[in-house]
Amino acid sequence: MPISAVCERFTSGGTPSRKVPEYFTGLIPWVKTQELTDGLLQDTDEHVTEAAVAASSAKLLPPNTVLMAMYGATVGQLAVLARSMTCNQACAAMVVDSKKADYRFLYYQLLAARQQIRSLSTGAAQQNLSGTQIKQFVLPFPHAELQTEIADPLWQLDRRIDLLRQTNATLEAIAQALFKSWFIDFDPVRAKAEGREPEGMDAATAALFPAEFEESALGLIPKGWKTGTFGDLAELAKGSVNPLTAPEEEFEHFSLPAFDAEQLPVFERGETIKSNKTRVPVGAVLHSKLNPHIPRVWLPSRIGAHAVCSTEFLPWVARRAASTELVYCALTGSAFEASVRALVTGTSNSHQRVKPDQVAALEMILAPVAVSDAFTRVVRPLLRRVGENRLTAKALAELRDSLLPRLVSGKLRLPEAQEQLEGAAA
């Protein structure tokens, strides 16, 4: 059947007027195509008001709506809405009739047929799909019970992947909140200055913080702390590598696309890497100097002997008074990110960059080594678990991708799929 035959509504969205800033102060998630990353979409970067929806061509979409990107680099990308949202005009929104199809089965059919659907796109400069092309695309739909049976094991895997990503977001938020509390807001110092015990730490850790402030070039800072620069925390690792000189060698390649995909490096032979790269030493934190309005800070979970990164990454290595985790949290702090954005040179997004010496010169307040070490002891297990969860999510995604085409085509029996799923859970 054509896709339109199983949808009770097939539509696209709209963009509320940017001339009315109040439109973007609401609670309704507004989806852009770059947020369609194949999976359950929990939330979005921007939220709009009901008035914004009413005043534009945007429509309120129910949970379980399947979205597909129609234009540009993301054409064919998919998402399933976890809750009621709206979307822009570059998204095709498929509200499935539950009496005719399982929305999850439609989603997996579209995922399996993505290359076929993309082949229908037109445009020299950028790919474009029309809503009509998507509506008329024909897919096989078995009876409803079989659709559900096929979708169930795949959805179980996707939900586990989504849970790992949510867990990672929580762990990152905890680490960043602790960094802000200790090194930006000085909460333990303020508590002791007011005669209170600092919250969330033992007596030995609390004793590391002073009970008063003193004046500095950066304003009031904890007594005994110093002012300095980011360069006092980390130094830039240097060393150019030309992988083509070792064509048979396998390199661990930390690229911008790999970061955007799942923050895991790609393993490639030297002969396939066509440009010079930068060596990545053990303990490095990778900080993108390109387009800082899109923050990219990468804490690798492991770094091999032949690790290289894009020359758009700055590999920072902690100095003796700091740690990899402290450098990572400093780079990902909202205040520091804002300072980096202010250093931008270049007129267009594709050419905006920051210079490493300017990043190194950004002013910071530096805690004593004992405080930094205590922070590292707390945060290191959290961030290590983030890396482990990414590896687990990748393994589950690979299992899903191997099951997907065989399940939706009927070439794999459901008991066999369930057996593989149970093996992955063991």
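In this text, all values refer to a predicted model and were calculated from it rather than measured experimentally.

One pass over the structure, following the stated rule, counts 20 aromatic pairs. Judged by centre distance (6.0 Å) and plane angle (85 degrees), the ring pair of tyrosine 103 and tryptophan 155 falls under edge-to-face. Pair noted here: tyrosine 103 is in helix H2 (residues 103–112) and tryptophan 155 is in helix H5 (residues 144–184), with a separation of 52 residues, a long-range link. Assessed through its relative accessible area of 21%, tyrosine 103 is described here as partly exposed. Note on tryptophan 155: relative accessible area 10%, which makes it buried. Ring centres 5.2 Å apart and planes at 85 degrees place the aromatic pair tryptophan 182 and phenylalanine 209 in the edge-to-face group. Of this pair, tryptophan 182 sits in helix H5 while phenylalanine 209 sits in the loop between helix H7 (203–206) and strand S9 (213–214), and the two are 27 residues apart along the sequence. Residue classification places tryptophan 182 among the buried residues on the basis of a relative accessible area of 4%. Residue phenylalanine 209 is classed as buried on the basis of its relative accessible area, which comes to 3%.

Spanning 41 residues, H5 covers 55 Å between terminal C-alpha atoms, matching the ideal 60 Å at 1.5 Å per step. Helix geometry: H5 is bent most strongly at aspartate 152, by close to 35 degrees, with proline proline 153 lying one to four residues after it. Two residues or fewer after H5 comes phenylalanine 186, characterised by a positive phi angle close to 55 degrees.

Our next topic: the nonpolar core. With 43 residues, the main nonpolar core has Ile3, Met94, Leu106, Tyr108, Leu110 and Ile134 as its most contacted residues. Within the residue set of this core, elements represented by two or more residues are strand S1 (7–12), strand S5 (66–69), strand S6 (78–81), strand S8 (91–96), H2, H5 and helix H12 (369–408). The greatest single-element share of this core, amounting to 8 residues, is contributed by H12. With residues near it in sequence (within four places) discarded, isoleucine 3 still touches Phe10, Met94, Leu106, Leu110, Ile134, Lys135, Phe137 and Leu139. By size, the runner-up hydrophobic cluster in this structure holds 41 residues, among which are Ala175, Phe209, Ala234 and Ala322.

What holds strands together in a sheet is hydrogen bonding between their backbones, with the strands either parallel or antiparallel. Taken together, 4 strands build an open sheet; the order of strands is S12-S20-S17-S18 and the sheet is antiparallel. Looking at the sheet topology across the chains shown, the edges are occupied by strand S12 (234–236) and strand S18 (297–298). Those strands touched by helix H9 (residues 324–332) are S12, strand S17 (284–288), S18 and strand S20 (313–318), and its axis lies near 15 degrees from that of S17.

In this section: H2. For H2, the buried fraction is high: 8 of the 10 residues fall into the buried class. Those residues of H2 lying buried are Arg104, Phe105, Leu106, Tyr107, Tyr108, Gln109, Leu110 and Leu111. Looking at the buried residues of H2, the elements they touch are S5, S6, S8, helix H3 (114–118), H5 and H12. Structurally, the start of H2 carries an N-cap: the backbone nitrogen of arginine 104 is 2.8 Å from a side-chain oxygen of aspartate 102.

Structurally, glycine 304 is set in the loop between S18 and strand S19 (307–309). Each C-alpha atom of the pair glycine 304 and glycine 231 lies 25 Å from the other, and the pair is 73 residues apart in sequence.

Turning our eyes to something else, we now look at the packing of H9 against H12. Relative orientation of the contacting elements H9 and H12 amounts to 80 degrees, with a least axis distance of 8 Å. Classified by the angle between their axes, H9 and H12 sit roughly perpendicular to one another. Residues Glu325, Leu326, Tyr328 and Cys329 of H9 touch H12, and the partners they reach there are Ser372, Phe375, Thr376, Val379, Arg380 and Leu383.

Here the protein shows a mean pLDDT of 92. Residues at 70 or above account for 94%. By mean pLDDT, helix H13 (residues 414–425) is the weakest element of the protein at 66, and strand S10 (residues 221–222) is the strongest at 98.

Further remarks concern unusual backbone geometry. Positive phi values are uncommon outside glycine, yet aspartate 38 reaches one of about 60 degrees. Its place among the elements puts aspartate 38 in the loop between strand S2 (28–31) and strand S3 (40–41). Looking at aspartate 38, the relative accessible area reads 17%, which means it is buried.

Another point: the side chain of threonine 65. Here threonine 65 shows up in the loop between helix H1 (50–54) and S5. Apart from the residues lying within four places of it in its own chain, the contact partners of threonine 65 are Ala79, Val80, Leu81, Ala93, Met94 and Val95.

On to the sheet that holds strand S4 (residues 46–48), then. On the basis of which strands lie adjacent, the open sheet formed by 3 strands has the order S4-S2-S7 and mixed pairing. Two strands lie at the open edges of the sheet, namely S4 and strand S7 (86–87), each paired on one side alone. Bridge count for S2 against S7 is 2 bridges, and the pairing is parallel. Each residue of the ladder has a partner; that of tryptophan 30, found in S7, is threonine 86.

Quick notes on the rules
Residues numbered from 1 in each chain as written. Predicted model: local features only at pLDDT ≥ 70, side-chain atom pairs only at ≥ 80, totals over all residues. Heavy atoms only, no water. Phe/Tyr/Trp six-rings, centres within 6.5 Å; stacked < 30°, edge-to-face > 60°. Helix = DSSP H or I, 4+ residues; strand = E, 2+ residues; numbered from the N terminus. Buried < 20%, exposed > 50% of the residue type's maximum accessible area, 1.4 Å probe, protein only. Expected span 1.5 Å × (residues − 1). Bend = angle between axes of the 7 residues up to and from the residue. Core = buried A, V, L, I, M, F, W, Y, C linked by side-chain atoms within 4.5 Å. Contact = heavy atoms within 4.5 Å. Pairing = 2+ DSSP bridges. Axes fitted to C-alpha atoms, helices over the stretch in contact; angles between N-to-C directions. Polar contact = N/O pair within 3.5 Å; in protein donor to acceptor, adjacent residues only side chain to side chain. Parallel < 35°, antiparallel > 145°, perpendicular 65-115°, else oblique. pLDDT = per-residue confidence, 0-100.

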